[in-house]
Each structure stands twice: as C-alpha cells, then as structure tokens.
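Here is how the chains run, residue by residue.
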Amino acid sequence: MTNYHKPEAKTIAKLSDLANLLRIHSLEATQASKSGHPTSCSSMAEIMSVLFFHTMRYKISEPRDASSDRFILSKGHAAPILYAAWAEAGLFPTKDLLNLRKLESDLEGHPTPRLNFVDVATGSLGQGLSVAAGMAYVGKYFDKASYRTYCLIGDGESAEGSIWEALAFASHYKLDNLCAIFDVNRLGQSEPTALQHNMEVYRKRVEAFGFNALVVDGHDIEELVKAFHEAAETKGRPTAIIAKTFKGKNFVNGIEDNFSWHGKPIVGESGQQVIKHLQAMIKSSSFDRKIPAPVEDAPKVDITHVKLDSQPSYQLGEQVATRVAYGTALAKIAKNNQRVIGLDGDTKNSTFAEKIKGIDANRFVEGYIAEQNLVGVAIGAACRDRTVAFVSAFAAFFTRAFDQIRMGAISQTNVNFVGSHCGVSIGEDGPSQMALEDIAMFRSIPGSTVFYPSDAVSTERAVELAANTKGICFIRTSRPNTPVIYKNDERMSVGNGKLVLKHDNDQALVIGAGITLHESIKAADITAKMGINVRVVDPFTVKPIDKELIVEHARACGGKIIVVEDHYMQGGLGEAVLEAVAEEAGIVVRKVAVKEMPRSGKPDELLRRYGIDSESIAKQIENFVRH
C-alpha cells in the first residue's frame, strides 16, 4: 500500500476524543427531543470521527460543493451523529443540536435536504448505497473528478435486496471512487441480526460481488484510518469496509450491546451517568478540527434551459408510437445539453431510450433488471445538479421501486421517469406487463408532474418540459402507433390541456389521453351520425390538470363529462378530473376505465373487451346523453 503513514499518537487521541464527543452530542440531542436512536449513533462514532475529521475532503463554507467528497448516511435513524459531526466541523453551533426533532427545526428525525449538508433523504432502509453509486458513477465517468463517495450502511438494512443490487452495479462499473461502510453492530430493532458478528460471511459475500472487502474493528481509530487509505488507493473496483462495532459503545449501565435500547433516548440519572463516563474518557480539553480541502477539479455544469436540438418533424396523421417519440426527444435534448443522461433497466430497445446512444453512448447507463437500484442510481446522479436524468422502463415495473421514488420526492430530486407499455393496449403480453396503476402511483407523489402525451409532437414537448421541471416527473408512453394530431409548432405547457374537437351544439365533454384520446375522437364520429355531438379534450398533464379548460367546456356541454382511460378506475385520469370539478355545481362525471384484471389478447380485442374502444365509448356517450 503506497504512501501510507501511520497517524501520530496525538491524531489518534484527537479522533478518539471526537468520537466520544459525538456520542455525547447524540445523547444530549435525543434527551432533549425525548426520542431518537443514541445507541445506533454510538456504534458508528469512530467511523464518523475518522471520516469527517481525517479522511473526507469537503468545504464547510459550501457543503454541497461540486468538488467535495460525498457522504450518504443510509442508516438514517442515526441522524443525530451526522448532525453532530457537521456541528463539530463548524457548520453551525453545537447548541442547535438540542433542537433535534422539534417542529420548527430542520434537524429532523431522519436526514432530509432541508439541511444544506444533506444530499438525499434517508431512513427508509436499504437505499443509500444505490444513491451513492449514482454519485460515484457521475464522479468517475461524467465529472472525471477527484471527489470520493462514502456510504454508511447498517447491518440490519443489509438484508434489503436493494443493497445487493447496488453492490452488483458498483462492481460492474468499477466504481473505485466509492466506499461502502457496513456498521456491523450485531443488533436490529427487535432482535439480533441474522448474521450478528459473523464477519467472515459478510466479507465473503461482499467479495463475491466484486468489492475489495476489508474487515476492521470499527472502534479502532488506526484500523479505520488505514482502511480508508487502502480504499482510496484501490483501483478498478469499489471498497467495502466491514466494521465490527457494538451498539451503544461506551454506554455504561448495561446499555452497550443490548438490543432492548434500540430507538430509545437515555434519560434521567442513567443518561447523566453515561455522559459523565464519556466525558471522563475525553483526554483533551481542546483540539483542532482542520478539514482537508477538496481538489477543485469538478467541472462547472449548466443544466438549465434544456431544449430540443431540433423541432418535431412529423406529418399530421402519421402513425408514430409515443414510446418511439420519447427516444427521439431524449436524443434531441442530449444533443443540446451534454449533461442529459438516460438510464434504463434492460428495456432500452422497447422504451427507445437507446436512441441517446446515437448521440453519445457514454451518456446511457444500463441498470439491468434491478429497478430499485436503477431509481436510486438516478437520484444519486441528479444530486448537486450534476445531470438531467431520464429513467425508463415498462411503467408497470416502477411499482416495485415506489419506495425509492417516494424517497426521491422527500430528497427533492429532479429525476424524470418514463414508463412505456401502459394499459391493456400493449396486447398479448398480458396483465403482468400492463401498467394500470402507474398514474395513480405517480399522482400520489408530493410535488410530482404527470405527463400523458397522446401523439409524437406532444411527447417530444413533454420530454423538453420535464427536463426543465423541478421535482419528480413521469411521462406515460404507449406501445401502439397512434396518429399525429398536433402541428410541429404546437405550444405545450405544464397544466394546460388542449381542445382537440369541438362543435357548436356539443352535448358532452369527452376526456381521454394516449390511446383513449384517439378512440374518443373516433367515438365522436360515431355519435355524430346518431345526432349527438361531443367535444374532446386532451389533458396533456394529468397532474397538474387543466381545471379551467375542463370546467369551461363541461359547462358548454351541459355539465356532462365522460373520462376514458386505459388504467384502473382508481387513482387515474378519471379521479384527477373528479378532483378538478368536485366543487363545481351542475357537473356530472362518468368514468370509463378498466374495471377488472385483464388478460392476454390483441390490442383491439382488449380495448373492446374492457370497454375503452371507440364503439364502446360511443355507446357510453349515447347512454349518458340520452338517459
């Protein structure tokens, strides 16, 4: 191992003292809030001391500096010691730690980016390593910078499959700028973990995934310093430091290594005795907290005002699947901005995300069939505004990553999700592949924007808009070809729908999106022959939905609305419309949607069977208007 120098005794003593000082802060903060996880903080105190006051290079003046090392606390319940480390580093007064978990304080029970030193929210366990892998991927392949990424993982959460998805991803892409630290303190919430302190099993498992695995005493300062040095020197593969620790380390009165103290503040006389014991262990009354400076080599990045490199170029009536138009648009914005990236889970030739490879193959990230990790990597890639990330998959498969997506919202991420193969219109593949709950899922995400483009032109515009929209965006694309209905220069915007068909004496307003918009247009031709004229609206975005447009044209049609969607009845376009008109007197909404578990068949057969083809819609219109 090159250039390793054993730290001086005074350095080891300082870091040991700082570890116990971090323990004291964690105890006092959880005592003040009467809640929290001080024993979970204590097991990682030496790790935090070495990382924050010896190993990591970062700026106190700018915690999210582009060139600084990254740190992800995957075991987010240990937030008090993370806050304590930043306070001891000088970012804010240590007295503020006593505001832990108070309503008006940003020092919440688990970390969120309301704090300027937190990149992503953690606390739903098993997700931090995927995010860290995304950060490291950007650092190695896009920024090509010196900063390193560290992720601290609890041994309990290592039972989550997403951890092992992340290990596989990091190893495959040789992320030697990533260091995973497993805090193996033996105890879960309600009982000991499955492996407890079987360090050799941890080592073999991590090595099998292609990591450089280092087993250390997690309370030995010198071992930790040496391990982090070796991690930095290891090339061609990431490193995992597997640290044997004890929950409640240095806590007297039978608290150390006792699972019954999980998630409990140590208050009263017992708490004071623990603090006095820790204070007695601190040898120095003062010591420097010099933070190593980062190497300023991360490039400046501008991800604002992302545009299509060229305008849409389709013929009215041309048959183009919106999933194909997505791929075209992704390539166009990638050509316009070098920080646009595409990620996919081995469906790139079906989602057409692979088109970005025609612009720059290096800006496509294959996540393989591991959607939870795929989403986490994208969230990490988007951190610190380093990339504009578009993640594509069959829309149905995003449901297995719902927790990662909702945590992305708490993380204030700007990731764009594109789900293809929605609804029964995909045809023969059957219900396991049919997204019929995806709109409901993404509508439920706080601050999300849900696009449902109905032709190639509106799809290209949706991609352009999503690239510039804050928060989580979802674009729903369809498998079948559909006709182009908008001119290439049509202006589209978030929250504004389009009136696509109108007569002077319309008797109902029909709202459809994607496949059902085109079926609704055909249904209008059928009902016109019956003497029933209807007007048709394309919402473009389901969230936010264009309430003014809907109410205006519903009133012009006698207050009758029919919503038709290739989605289950619950939570989709129909319910978005119902919410929009809920307080509007005299408006009645009829929902037409998939009401039962579908089966395989040809697309036209399935649309007819589940009542969302043009003839079925026409019958619904006739019944609604005349009865």
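The model shown is predicted, which means the values in this text are computed figures rather than measured ones.

**Quick look at the nonpolar core**
Most often, soluble globular proteins keep nonpolar side chains buried together rather than apart. In terms of nonpolar packing, the biggest core is built from 90 residues, with Phe 182, Phe 398, Phe 417 and Ile 561 touching the most fellow members. It is helix α5 (residues 128-143) that contributes the most residues to this core, 9 residues altogether. Ignoring sequence-local partners within four residues, the contact set of Phe 417 consists of Val 375, Val 391, Phe 398, Ile 405, Phe 442, Ile 472, Cys 473, Phe 474 and Ile 475. Phe 52, Ala 85, Phe 117 and Ile 181 belong to the second-largest nonpolar core, a separate cluster that totals 61 residues.

**Quick notes on the pattern of salt bridges**
Two side chains of opposite charge can pair, provided their charged atoms sit close to one another. In the structure shown here, the tally under the stated rule is 36 salt bridges. Across the pair Glu 428 and Lys 602 runs a salt bridge whose closest N-O atoms are separated by 3.9 Å. In this pair, Glu 428 sits in the loop between β10 (416-420) and α14 (438-443) while Lys 602 sits in the loop between β19 (588-594) and α19 (603-609), placing the two residues 174 residues apart along the sequence. Bridged by salt links that share partners, the residues Lys 59, Asp 65 and Glu 296 form one connected network.

**Looking at the UniProt feature "domain: Transketolase-like pyrimidine-binding" (unreviewed entry) in the chain**
UniProt records the feature "domain: Transketolase-like pyrimidine-binding" (unreviewed entry) for residues 320-484 in the present numbering. In residues 320-484, helix accounts for 35% and strand for 19%; the two terminal C-alpha atoms are 7 Å from one another.

**Details of the packing of aromatic side chains**
Applying the stated criterion to the full structure yields 21 aromatic pairs. Judged by centre distance (5.4 Å) and plane angle (15 degrees), the ring pair of Phe 394 and Phe 397 falls under stacked. A relative accessible area of 17% places Phe 397 in the buried class. Centroid distance Phe 442 to Phe 474: 4.0 Å. Interplanar angle 5 degrees. Geometry classified as stacked. Of this pair, Phe 442 sits in helix α14 while Phe 474 sits in strand β12 (residues 473-476), and the two are 32 residues apart along the sequence.

**A word on the sheet that holds strand β14 (residues 498-501)**
Strand order in the open sheet formed by 5 strands is β14-β16-β15-β18-β19, and the pairing between neighbours is mixed. Of all the strands in the sheet, the pair left with one neighbour each is β14 and β19. For this sheet, the mean angle separating the axes of adjacent strands, direction not counted, is 25 degrees. With 6 bridges joining them, strand β18 (residues 560-568) and β19 adopt parallel strand pairing. Within β19, the position partnered with Tyr 568 by the bridge is Val 594. Helix α16 (residues 515-529) contacts β14, β15 (509-512), β16 (535-538) and β18 of the sheet and is inclined by roughly 170 degrees relative to β16.

**Brief notes about the sheet that holds strand β3 (residues 178-184)**
Taken together, 5 strands build an open sheet; the order of strands is β1-β2-β3-β5-β4 and the sheet is parallel. For this open sheet the edge positions go to β1 (70-73) and β4 (212-217), each flanked by a neighbour on one side alone. Between one strand axis and the next, the sheet turns by 20 degrees as a mean value, whatever way the strands run. As paired strands, strand β2 (residues 149-154) and β3 are joined by 6 bridges and run parallel to one another. Residue Leu 152 lies in a different strand from β3, and its bridge partner there is Ile 181. Taken strand by strand, α5 contacts β1, β2 and β3, and its axis lies near 170 degrees from that of β2. Strands β2, β3, β4 and β5 (239-244) of the sheet are contacted by helix α8 (residues 221-233), whose axis makes an angle of about 170 degrees with β4.

**Observations concerning the side chain of Arg 70**
Along the chain, Arg 70 turns up in strand β1. Engagement of the side chain of Arg 70 in a polar contact is seen with the backbone oxygen of Ser 68, the distance being 2.6 Å. Residue contacts for Arg 70: discarding those within four places in its chain leaves Met 56, Asp 65, Asp 119, Met 135, Tyr 147, Arg 148, Thr 149, Tyr 150, Arg 384 and Arg 386.

**Topic: the domain arrangement of the chain**
Here the chain is partitioned into domain 1 (17-281), domain 2 (318-484) and domain 3 (498-626). The gap between the C-alpha centroids of domain 1 and domain 3 is 52 Å.

**A few points about the packing of helix α3 (residues 45-55) against helix α4 (residues 79-89)**
For the pair α3 and α4, the least separation of the axes is 10 Å and the interaxial angle reads 35 degrees. The two elements α3 and α4 cross, and the hand of that crossing is right-handed. Between α3, through Ala 45, Met 48, Phe 52 and Phe 53, and α4, the contact on the second element is made entirely by Ile 81, Leu 82, Ala 85, Trp 86, Glu 88 and Ala 89.

**A closer look at the pairing of β2**
Within β2, 6 of the 6 residues are buried, which leaves it mostly tucked inside the rest of the structure. On β2, burial covers both faces: Thr 149, Cys 151 and Ile 153 on one face and Tyr 150, Leu 152 and Gly 154 on the other are all buried. By the bridge criterion, 4 bridges tie β1 to β2 in an arrangement that is parallel. Paired with Arg 70 across the strands is Thr 149, a residue of β2. Handedness of the crossover joining β2 and β3 through helix α6 (residues 161-172): right-handed.

**Some thoughts on the pairing of β18**
Most of β18 is tucked away, with 8 of its 9 residues classed as buried. Inspection of the sheet shows β15 paired to β18 by 4 bridges, in the parallel sense. Its bridge partner lying in β18, Ile 511 is registered against Val 563.

What counts and what doesn't
- Residues numbered from 1 in each chain as written.
- Predicted model: local features only at pLDDT ≥ 70, side-chain atom pairs only at ≥ 80, totals over all residues.
- Heavy atoms only, no water.
- Core = buried A, V, L, I, M, F, W, Y, C linked by side-chain atoms within 4.5 Å.
- Buried < 20%, exposed > 50% of the residue type's maximum accessible area, 1.4 Å probe, protein only.
- Helix = DSSP H or I, 4+ residues; strand = E, 2+ residues; numbered from the N terminus.
- Contact = heavy atoms within 4.5 Å.
- Salt bridge = Lys/Arg side-chain N within 4 Å of Asp/Glu carboxyl O.
- UniProt positions renumbered as here; feature names shortened; annotations may be inferred.
- Phe/Tyr/Trp six-rings, centres within 6.5 Å; stacked < 30°, edge-to-face > 60°.
- Pairing = 2+ DSSP bridges.
- Axes fitted to C-alpha atoms, helices over the stretch in contact; angles between N-to-C directions.
- Polar contact = N/O pair within 3.5 Å; in protein donor to acceptor, adjacent residues only side chain to side chain.
- Domains from an automatic or database assignment.
- Left-handed = near helix turned anticlockwise from the far one by under 90°.
- Right-handed = clockwise from strand over helix to strand, strands pointing away.

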